Each structure stands twice: as structure tokens, then as C-alpha cells.
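Given next are the chains, with one letter for each unit.
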Amino acid sequence: MTASATTTAFSRRGSILHVEEVPLPEVAERFGTPCYVYSRAALTSAYQAYQAALADRAGRPALICYAVKANSNLAILDVFARLGAGFDIVSGGELARVLAAGGDPGKVVFSGVGKSRAEMRQALAAGILCFNVESVPELETLNAVAIELGRQAPVSLRVNPDVDARTHPYISTGLKSAKFGVPFEAALPLYRRAAALPGLTVRGIDCHIGSQLLDPAPAAEAATKIVGLVDALAAEGIVLHHIDLGGGMGIRYRDETVPSVAEYLAPLLAVMRDRQEQLLLEPGRSLVGNAGLLLTRVALLKHGEPKNFAVVDAAMNDLARPALYDAWHEIVKVSDGGTPTPARVYEVVGPICESGDFLGHARELSLAPGDPLAIMSAGAYGMAMSSNYNTRPRAAEVMIDGDRMHLIRRRETLAELFASESLLP
Ligand SMILES: *Cc1c(COP(=O)(O)O)cnc(C)c1O
């Protein structure tokens, strides 16, 4: 996401924060809070930044496989599908979503360390582009499932290049100690094994070293190791069709220095220059993170020593990142006008019975009960990680497109929350 796309999609006009042409107070009024709000223009320009950066790749066009887990709403998948995107999925549920949104199964890669046989059958029947296989048992199970169905499963091995992505340990995935992928040293013999299994077609190679990466150097280092391996495989007659360098590009949440997509990809593209393999990428956060915000309202203010609390109607069940990773999200007033109340330093917290239920620490804001607030950069790993903890219905989601508001997920009802439960006989 480039800064310019964000600023055009989210702008203050007079005192009122707008998403594209729509004033946010109208969204709060019409759909209630908490509510996720996305900008179609911001989603589109984030995708187009990747397309533009990859346009110069000679030979086969690159394939951008949006990592569905970052935000799996059907309307978001639809926006990307219409732009020609492929998808990176990690479950049969995500595959079903891609298909329901009109995504092309022929552009789907299936990642994840624990695919079930049922998920393998589902993906084989759908005709996905590739299984990103993460272990020996998975390779063997997939071979068996493919033979049962009389098919050939297209596979990549997810190779762990053992580089340090230098990001939060919970979102770093490329070290030897991580649960993901097969060790670099084991890859050659495993490819030989895969090539010999009758139910498999060796198609590519894949790596993904972590998330919220701001420095392209680790990804370029991983790419260099990967292409070395690809050449070693070719020397043995195992010729790969694609190289999938994963996702992970970071976004600006606060004041991080974030390279543009073109700057981030340049060292990777340099490694890939003159290569015949198709390049695949699996960006998630960088396509959706700065295209969405969480709209909430101040429920009440608790002023006191040593802290002031602003209790809002969104909570950790709606946006888990602060509680989970101590992540920082900008919190701004939707309307800056009106009678100014004195600014104070607030702990912005939700109503959930957990001390970890906070959305922001020590934020200087001038607040009154009822004020709508926007929690920025919430488009990735926001709604997707939400839960019903404390029996809270999950938030509504709204897509803004120019001057139009589309409800793309209505707020859950309380009745729905326990409709699948039953009393004892
Ligand atoms: C999570 C994930 C991605 C997307 O990561 P982002 O940091 O959101 O870009 C891509 N590929 C795999 C295998 C993943 O697990």
C-alpha cells in the first residue's frame, strides 16, 4: 500500500474523516458500531502497485496470489478476483470462499502445515494450481489421496531458507526452528522423492519467511537460496514451472519507514531476472491492511488516577492484534469539530473482562461519550481474527466504493451466536 493511495482513500474533509466520498459518521449512523469499513479504491490501488512493479518481468506474467487469511470477506475476494488475482489459501474453508466469490481455482495455491485428506480431495476436485507441501507425511498422504481419485496433484515444496526475517517472533516463519516448511538441506532428496511418486507432479517451489517485513534484504536472501536450489534441481532433470516467494511485505501502522511495493520487490526481481520460471507472490497484509479501519464509538469515559480510560464499543474480540502482538494502531476522532473537550491521555479499552483487552495505550485525545473513533490500518488480520468471546456478535463490514456504501457482512445477531448449541435432553 502506497502512502498516496491511503491518503486519497481516507481523508479529512473539514473536520470529518471520509472514506472515499463517504463521511464516516454516516456509516456509523446507518450500520452501527463496531463496524469494519474498507475502501475499494485502496484495495484496488494496493493490488495495482504489485501489478505495476511486476509488469516488467519478461516471459510469463507473474501471479499475485492474495493471502486469503488476512481478510476473507467474499466482497474483498471478489474485488481481487475481478482484478485477476490468484489466491493463497490455508484451509478448505478458504477454498470454498474463493470459489463462492468467483475466484479461479486454477490460480489457487494451498499452503499450511496440516491439510486434512478431506481438504486435499476438495482442492484436487476443484483443480487448484498447486499444493504448497510442508512435510514428508503430507507429501505421502497427498500422493495417496491423488491416486485414490485417479489424479495428479501439482506440488511445490515449501522450503525453509533459514533466514531471519527480523520481525515479531510470532509472525516470523523462516527460521529453522519454525514449524513451517521443510529444512533447506532436506529439500533436494525430498524433491527426488516427490518426482518419483506417481500421484504427484512437481510444479514449483515456495517459501514465506514472515510477516510485516519492512526490509527486503531477508526476502532477497531467501530468494537467492531458493533459485540456487532450483538450479540444482534442474541439473538433475527436475525442472520447476514456478517460484513462489510468499508474502510478508509490511505496511505503515505508525511511523515505520516502509518501502514502496516497487522498492521492496526490486531486490527480489533482481534475483529472478532472466529466469524462465513464473514468479508467484502471496501478499496479504500489504493488499488489505491500510485499506480498512475499525469504526467504534466511545461508550463511556472513566477519569481517574493514575489512568483515564476510554471504554469503546469495539474490543479484543473485534481486533485482536493489540492484545495478541502488542500491535500499535492509530486511533483518531472521526469528527474533529464541535466543542472541544480538554485532551487527556487515555487507555482506549474494550468492554471485555480481560486486562489485555485494549486497543491503544496512552493516547492523547479529546473525547466525549458517543464520539465515533476510527482505528486505522485494521484491514488485515482484523475481522479475520475476530471471535465471539464474551458472547459478542461479530462486527458488521462495509465496503465503500466512491459515494456508495455496501454492507458486505451484516452484524451477527445474538440468536445466531448460540443457534448451533443445544440443551441436554
Ligand atoms: C500469512 C501468509 C502469507 C501472507 O502474509 P502477509 O504478511 O499477510 O503478506 C503468505 N503466505 C503464507 C504461506 C502465509 O502463511
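Bear in mind that the values here come from a model prediction, so they are computed numbers and not experimental data.

Calculation notes
- Residues numbered from 1 in each chain as written.
- Predicted model: local features only at pLDDT ≥ 70, side-chain atom pairs only at ≥ 80, totals over all residues.
- Heavy atoms only, no water.
- Core = buried A, V, L, I, M, F, W, Y, C linked by side-chain atoms within 4.5 Å.
- Buried < 20%, exposed > 50% of the residue type's maximum accessible area, 1.4 Å probe, protein only.
- Helix = DSSP H or I, 4+ residues; strand = E, 2+ residues; numbered from the N terminus.
- Domains from an automatic or database assignment.
- Phe/Tyr/Trp six-rings, centres within 6.5 Å; stacked < 30°, edge-to-face > 60°.
- Contact = heavy atoms within 4.5 Å.
- Buried area = accessible area lost by both parts, 1.4 Å probe.
- Salt bridge = Lys/Arg side-chain N within 4 Å of Asp/Glu carboxyl O.
- Near = heavy atom within 4 Å.
- Polar contact = N/O pair within 3.5 Å; in protein donor to acceptor, adjacent residues only side chain to side chain.
- Areas by Shrake-Rupley, 256 points an atom, 1.4 Å probe, with all protein chains shown as cover.
- Nonpolar A, V, L, I, M, F, W, Y, C, P; charged D, E, K, R; others polar.

A. Highlighting the nonpolar core. Judged by nonpolar contacts, the single largest core of 121 residues is most densely connected at Leu-24, Val-27, Tyr-66, Phe-80, Phe-131 and Leu-265. Per-element accounting of this core gives the leading share, nine residues, to helix H9 (residues 217–235). If you count residues domain by domain, this core takes at least three from each of domain 1 (3–39 + 289–417) and domain 2 (40–287). Membership of the second largest hydrophobic core comes to six residues, among which are Leu-63, Val-109, Cys-130 and Leu-280.

B. Inspection of unusual backbone geometry at higher detail. Looking along the chain, the bond that leaves Thr-33 and enters Pro-34 is cis, with omega of -5°. Within the fold, Pro-34 resides in the loop between helix H2 (24–31) and strand E4 (35–39). Omega for the peptide link from Glu-305 to Pro-306 comes to -5°, which places this bond in the cis form. Note that Pro-306 resides in the loop between strand E14 (292–302) and strand E15 (308–312). Its identity is not glycine, yet Asp-326 carries a phi of approximately 60°, on the positive side. Along the chain, Asp-326 falls in the loop between helix H12 (321–325) and strand E16 (331–333). For Asp-326, a relative accessible area of 57% corresponds to the exposed category. Residues other than glycine seldom take positive phi values, yet Ser-377 does so here, at roughly 55°. Mapped onto the fold, Ser-377 is located in the loop between strand E19 (372–375) and strand E20 (396–401). Taking the relative accessible area as the measure of exposure, Ser-377 reaches 7% and is therefore buried.

C. Up close: the packing of aromatic side chains. Evaluated as defined, the whole model comprises five aromatic pairs. Seen from their ring centres, Tyr-66 and Phe-80 are 4.7 Å apart, and the 45° between their planes marks the pair as tilted. Here Tyr-66 is found in strand E5 (residues 63–67), whereas its partner Phe-80 is found in helix H4 (residues 74–82), with 14 residues between them in sequence. For Phe-80, a relative accessible area of 0% corresponds to the buried category. Relative to Phe-87, the ring of Tyr-66 lies with its centre 6.5 Å away and its plane at 75°, an arrangement referred to as edge-to-face. In this pair, Tyr-66 sits in strand E5 while Phe-87 sits in strand E6 (residues 86–89), placing the two residues 21 residues apart along the sequence. For the pair Tyr-66 and Phe-87, a shared accessibility class is recorded, and that class is buried.

D. The domain arrangement of the protein, seen in detail. Each assigned domain of the protein is listed with its residue range as follows: domain 1 (3–39 + 289–417) and domain 2 (40–287). In this complex, domain 1 contributes 28 residues to the contact, which on the side of domain 2 involves 21 residues. When domain 1 packs against domain 2, the two sides together hide about 2,100 Å² of surface, and 56% of this comes from carbon and sulfur. Inspection of the region where domain 1 meets domain 2 yields one salt bridge. In this structure, the salt-bridge partner of Arg-40 is Asp-401, at a minimum N-O distance of 3.1 Å.

E. Expanded view of the site of the ligand. Inspection of the region around the ligand gives 14 residues, with Lys-69, Ser-211, Glu-282, Arg-285 and Tyr-381 positioned closest. Lys-69 has a polar side-chain atom sitting 2.7 Å from an oxygen atom of the ligand. A distance of 3.5 Å separates a nitrogen atom of the ligand from a polar atom in the side chain of His-208. In isolation the ligand exposes 390 Å². Once the protein is present, 94% of that is buried. Classifying every residue of the shell around the ligand gives three nonpolar, six polar and five charged.

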